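# Summary of the model geometry
Here are the chains, one letter per residue:
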Amino acid sequence: MNKKSVDTNLKAFIFDVDGTLSDTERDGHRVAFNLAFEEYGMDWHWSVETYGELLAVTGGKERMKFYVEKFLDEDKVPEGIEAKIPELHAAKTRHYTELLSTGAIPLRPGVERLIDEARQRGYRLAIATTTTPENVTVLLTHTLGAESIDWFDVIAAGDIVPAKKPAPDIYQYALDEMKLSADECIAFEDSENGIKSSAGANLCTIITINDYTQNHDFTDACIVLDQMGEADQPFSVISGSSTDATFLDCDLVSKLHQQTINR
Ligand code: XBP
Ligand code: MG
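This section reports on the structure supplied with the text.

Rules behind the numbers
- Residues numbered from 1 in each chain as written.
- Chains lettered and ligands numbered in written order.
- Predicted model: local features only at pLDDT ≥ 70, side-chain atom pairs only at ≥ 80, totals over all residues.
- Heavy atoms only, no water.
- Axes fitted to C-alpha atoms, helices over the stretch in contact; angles between N-to-C directions.
- Helix = DSSP H or I, 4+ residues; strand = E, 2+ residues; numbered from the N terminus.
- Parallel < 35°, antiparallel > 145°, perpendicular 65-115°, else oblique.
- Left-handed = near helix turned anticlockwise from the far one by under 90°.
- Contact = heavy atoms within 4.5 Å.
- Buried < 20%, exposed > 50% of the residue type's maximum accessible area, 1.4 Å probe, protein only.
- Arc of directions from axis to C-beta.
- Pairing = 2+ DSSP bridges.
- Near = heavy atom within 4 Å.
- Polar contact = N/O pair within 3.5 Å; in protein donor to acceptor, adjacent residues only side chain to side chain.
- Areas by Shrake-Rupley, 256 points an atom, 1.4 Å probe, with all protein chains shown as cover.
- Nonpolar A, V, L, I, M, F, W, Y, C, P; charged D, E, K, R; others polar.
- Domains from an automatic or database assignment.

## Description of the packing of helix α1 (residues 25-39) against helix α3 (residues 60-71)
For the pair α1 and α3, interaxial distance at closest approach is 13 Å and the crossing angle is 65°. With respect to α3, the axis of α1 lies roughly perpendicular. Crossing of α1 over α3 shows right-handed handedness. Of α3, the residues touching α1 (which contributes E25, F33 and F37) are G60, R63 and M64.

## Brief notes about helix α7 (residues 169-178)
Here α7 has its buried residues at I170, Y171, A174, L175 and M178. Summarising the axial view, the buried residues of α7 lie within an arc of 140°, below the 170-degree limit, and thus occupy one face. Buried positions along α7 lie against β1 (12-15), β2 (124-129), β3 (152-157), β4 (185-189) and α8 (192-200).

## With respect to the sheet that holds β2
Pairing within the open sheet is mixed, and its 7 strands lie in the order β3-β2-β1-β4-β5-β6-β7. Only two strands of the sheet have a single partner each, and these edge strands are β3 and β7 (237-240). Going across the sheet, the axis of each strand differs from the next one's by a mean of 15°, ignoring polarity. Pairing of β4 with strand β5 (residues 204-208) involves 4 bridges; the strand directions are parallel. Bridging from a neighbouring strand, E189 pairs with I207 of β5. Docked against the sheet, helix α5 (residues 111-121) engages β1, β2, β3 and β4, running at close to 155° with respect to β1.

## Some remarks on the site of ligand 1
In the neighbourhood of ligand 1, 19 residues make up the surrounding shell, with E25, G60, H89, T129 and T132 lying closest. A distance of 2.8 Å separates an oxygen atom of ligand 1 from a polar side-chain atom of T131. Calculation on ligand 1 without its partners gives an accessible area of 450 Å², and the protein chains cover 96% of this total. Looking at the shell around ligand 1, the elements with two or more residues in it are α1, α3 and α4 (81-101). Sort the elements by how many residues they give to the shell around ligand 1 and α1 lands first, with 3 residues. Residues of the shell around ligand 1, tallied by class, amount to 3 nonpolar, 10 polar and 6 charged. Residues from two domains meet in the shell around ligand 1; each of domain 1 (3-23 + 106-261) and domain 2 (26-101) gives at least three.

Encoded structure:
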């Protein structure tokens, strides 16, 4: 791409975490929830399939409340469970961060390469996630190194906003903290709740699907990919912009952003 076509309006990349940076849900969060339930002597066990249904609700505490309300018969609801959820969630977070620290959950293909290139090109970086802040710093530390936490102008995570995804609050918070407009940024997401949130904040959004989200509605995405890809591991374009690129790099991100903004 020749220089003059580079989109000077694009200033920052805003990344979702779970499902986007890493495929964390099935073998990470779900396993941690089950370890916490075991630790507390509860007979709850979330199968891969049940967890896929529970992912309709973002936020671990909210997800457990959803499970109690929609999946348990009245007589199966443990006494005082509502008051116990914060403690249960803290135990789950402990199990999850221990799991992350074993290196069991790697970054998805292309994530480290794109972040490195974005930094070299001078793009600002941010995170907008529903997960607990500690989960983000531990994931970054055990994948990109502890210094990578400082690469992000803002790590907008968890309870920092009143309403979690699909509400736009977490993305709006990240934009406000960076003092940037939506037109100056681009979001990277993996789920329907995620794009409802990013599109709700008027952000052009690049989707990389995963097993849990492959059938979600990504109508508002500027492109839907199976992964960000690597030079030796080409992505598949599920929908959106046609391109002769075989992996997601800053030139393609910039082109997609420009196409969306200039619509
Ligand atoms: C995904 C979520 C999170 C995780 C669990 O967040 O919805 O709630 O499933 O993490 P995102 P917590 O895709 O926005 O990164 O238990 O810490 O909420
Ligand atoms: Mg996600």
